[in-house]
Amino acid sequence: MNKLFTMCSPLYIKYPNGETRVIEALFEYLKGVLYFEFFLEKDLTYSINIIKGEVMGEGPWKVGQCSLHVLGCNHTHPQLCEMHAFWQQELLQNLAQFRASDVVKIACEKGAFLPDNRPINDAR
């Protein structure tokens, strides 16, 4: 089992062109990963992303041509950390607006899978 899918730490993804995005929720997807960005309740089309490729590594991880990293390692991305902190504040202030069960339902509808033998991290 790859520990990527049981991580409790926030993650970000880096694309080959250098673009980075913070990951709010991450799921296994057939031959890849499915992830949600922040503020997905505003625009599901933009906020759900699928990266195809074998998940390799033990951190940072590589999926296709992208790499996934733990957010905040050695203070390398203060702006991304600030975005994550703002999002966490939004979640605390607007509990009814966004529920983890909704994310799981949407992810499964999109083709993500949740093996029975793995716990679901409700914090992400």
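Before any of the text, the structure's been laid out above.
Calculation rules
Residues numbered from 1 in each chain as written. Predicted model: local features only at pLDDT ≥ 70, side-chain atom pairs only at ≥ 80, totals over all residues. Heavy atoms only, no water. Helix = DSSP H or I, 4+ residues; strand = E, 2+ residues; numbered from the N terminus. Buried < 20%, exposed > 50% of the residue type's maximum accessible area, 1.4 Å probe, protein only. Areas by Shrake-Rupley, 256 points an atom, 1.4 Å probe, with all protein chains shown as cover. Pairing = 2+ DSSP bridges. Core = buried A, V, L, I, M, F, W, Y, C linked by side-chain atoms within 4.5 Å.

Describe in detail the overall build of the protein, supporting the description with residues and values.
Helix and strand counts for the protein come out as three helices and nine strands. Residue burial in the protein is summarised as follows: out of 124 residues, 39% are buried. A total of about 7,500 Å² of accessible surface is found on the protein, and carbon and sulfur atoms cover 54% of it.

So what's going on with the sheet that holds strand E8 (residues 66–70)? Which residues, and what values?
Read from one edge to the other, the open sheet built from five strands follows the order E2-E1-E8-E7-E6, with strand pairing classed as antiparallel. Every interior strand has two partners, whereas the edge strands, strand E2 (20–23) and strand E6 (55–56), have only one. Here strand E7 (residues 61–63) runs beside E8; their pairing, made up of three bridges, is antiparallel. The residue of E8 that forms the bridge with Trp61 is Leu68.

Lay out the nonpolar core with the relevant residues and their values.
By size, the foremost hydrophobic cluster in this structure holds 16 residues, and its most contacted members are Leu4, Ile13, Leu26, Ile51 and Leu68. Taken together, the elements giving at least two residues each to this core come down to strand E1 (11–14), strand E4 (32–36), E7 and E8.

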